[in-house]
Amino acid sequence: HLLDPVLKFTIDANVLPVGTVGWAYSTQLTALYGRPPITWTSLNRLPAGLALSTSGLLSGVPATAVSTTIRIRATDADGRKATTALGVVIEPTPPLLISTSSLASATMAEPYSALLSATGGVPPYSWTVSGLPDGLSAGATGQISGTPLASGTATVSVVVTDHAGVSTSTALS
């Protein structure tokens with residue numbers, strides 16, 4: 001039974017999910033054997049960019065890499081309190097890399113489509129592509145499409161920029 005006096009009001013968590021600098025973070029804290037509503041508070045400073053709502057949602061966009069312990073208190077409708085220490089790990093943002101290493105060959109006068117891809121950084125990504133053969137174009141999403149109008153080899157300059165404004169580039173044929 002929810003209010004059984006033998007069952008102790010506790011916070012149901014030991015470890016929080018690992019976060020990444022610049023990426024959205026969200027986890028819902030829960031408590032056991034308390035009478036709703038449960039009100040949540042942090043007893044110490046949270047990592048930069050994160051906030052704890054009174055309903056127990058720990059969320060935000062972490063601003064710095066850190067490994068720390070936060071102390072959290074839950075208070076139930078009867079005024080009972082449960083407190084725990086939770087480990088929080090926020091990892092650094094992985095480096096922004098263009099993962100497309102080559103483009104498939106196109107055939108003159110036939111429809112062509114290719115999608116550029118990247119890893120790391122802070123999504124979403126924005127793409128700039130120059131040097132495409134006549135008849136092909138690229139959008140900011142990294143989609144190259146169209147119908148090539150001539151034969152030959154082209155060197156294409158590709159730049160990807162992440163949401164944090166970090167860019168990297170490569171040349172593809």
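Up top you'll find the structure we're talking about.
Residues numbered from 1 in each chain as written. Predicted model: local features only at pLDDT ≥ 70, side-chain atom pairs only at ≥ 80, totals over all residues. Heavy atoms only, no water.

**Concerning the pattern of salt bridges**
Okay, so step 1: This structure, assessed with the given rule, holds two salt bridges.
Okay, so step 2: Note that D76 is salt-bridged to R80, the shortest N-O span being 3.0 Å.
Okay, so step 3: For D76, a relative accessible area of 4% gives the class buried. (Salt bridge = Lys/Arg side-chain N within 4 Å of Asp/Glu carboxyl O. Buried < 20%, exposed > 50% of the residue type's maximum accessible area, 1.4 Å probe, protein only.)

**A short note on unusual backbone geometry**
Okay, so step 1: At the junction of P36 and P37, the peptide bond is cis and its omega measures out at 0° in the coordinates.
Okay, so step 2: Its location among the elements puts P37 in the loop between β4 (31-32) and β5 (39-42).
Okay, so step 3: With an omega of 5°, the peptide bond between P123 and P124 qualifies as cis.
Okay, so step 4: In this fold, P124 is placed in the loop between β12 (118-119) and β13 (126-130). (Helix = DSSP H or I, 4+ residues; strand = E, 2+ residues; numbered from the N terminus.)

**Notes on the environment of P123**
Okay, so step 1: By the element assignment, P123 lies in the loop between β12 and β13.
Okay, so step 2: With a relative accessible area of 35%, P123 lands in the partly exposed category.
Okay, so step 3: On a C-alpha basis, the gap between P123 and N14 in space is 29 Å, while along the polypeptide they are 109 residues apart.
Okay, so step 4: Leave out the neighbours within four places in its chain, and P123 touches W23 and H163. (Contact = heavy atoms within 4.5 Å.)

**Examining the sheet that holds strand β15 (residues 143-146)**
Okay, so step 1: The antiparallel open sheet is built from three strands, whose spatial order is β11-β15-β14. With one partner strand each, in any of the chains shown, β11 (112-115) and β14 (136-138) form the two edges of the open sheet. Across the sheet, the mean angle separating the axes of adjacent strands is 15° when strand polarity is ignored.
Okay, so step 2: As defined by bridge partners, β14 adjoins β15 across three bridges and the pair is classed as antiparallel. Residue pairing for β15: A138 is matched across the bridge by I144. (Pairing = 2+ DSSP bridges. Axes fitted to C-alpha atoms, helices over the stretch in contact; angles between N-to-C directions.)

**A look at the pairing of strand β9 (residues 81-91)**
Okay, so step 1: Judged by which residues are buried, β9 turns out to be one-sided: A82, T84, L86, V88 and I90 face inward and are buried, whereas K81, T83, A85, G87, V89 and E91, on the alternate face, are not.
Okay, so step 2: Of the strand pairs in this sheet, strand β2 (residues 19-20) and β9 are connected by two bridges, and their pairing is parallel. Bridge pairing links T20 to E91 in β9.
Okay, so step 3: Relative to β9, strand β8 (residues 66-75) runs antiparallel, the two being bridged by ten bridges. Its bridge partner lying in β9, T68 is registered against V88.
Okay, so step 4: Counting the residues between successive antiparallel strands, the hairpin from β8 to β9 contains five residues, one of them, G79, with a positive phi of roughly 85°.

**What to know about the nonpolar core**
Okay, so step 1: Membership of the largest hydrophobic core comes to 19 residues, with the highest contact counts inside it found for L16, L58, I70 and I72.
Okay, so step 2: Looking at this core element by element, the count peaks at four residues for β9.
Okay, so step 3: Sequence-distant contacts of I72, that is, excluding residues within four places in its chain, are made with I11, L29, W40, T41, S42, L52, A82, T83, T84 and L86.
Okay, so step 4: Ranked by size, the runner-up nonpolar core spans 16 residues in total, among them L136, I144, V158 and L172. (Core = buried A, V, L, I, M, F, W, Y, C linked by side-chain atoms within 4.5 Å.)

**Notes on the sheet that holds β9**
Okay, so step 1: Spatially, β2-β9-β8-β5 is the arrangement adopted by the four strands of the open sheet, whose pairing is mixed. On the outer flanks of this sheet lie β2 and β5, each paired with one strand and no other.
Okay, so step 2: Note that β5 and β8 share four bridges and pair antiparallel. Paired with W40 across the bridge in β8 is A74.

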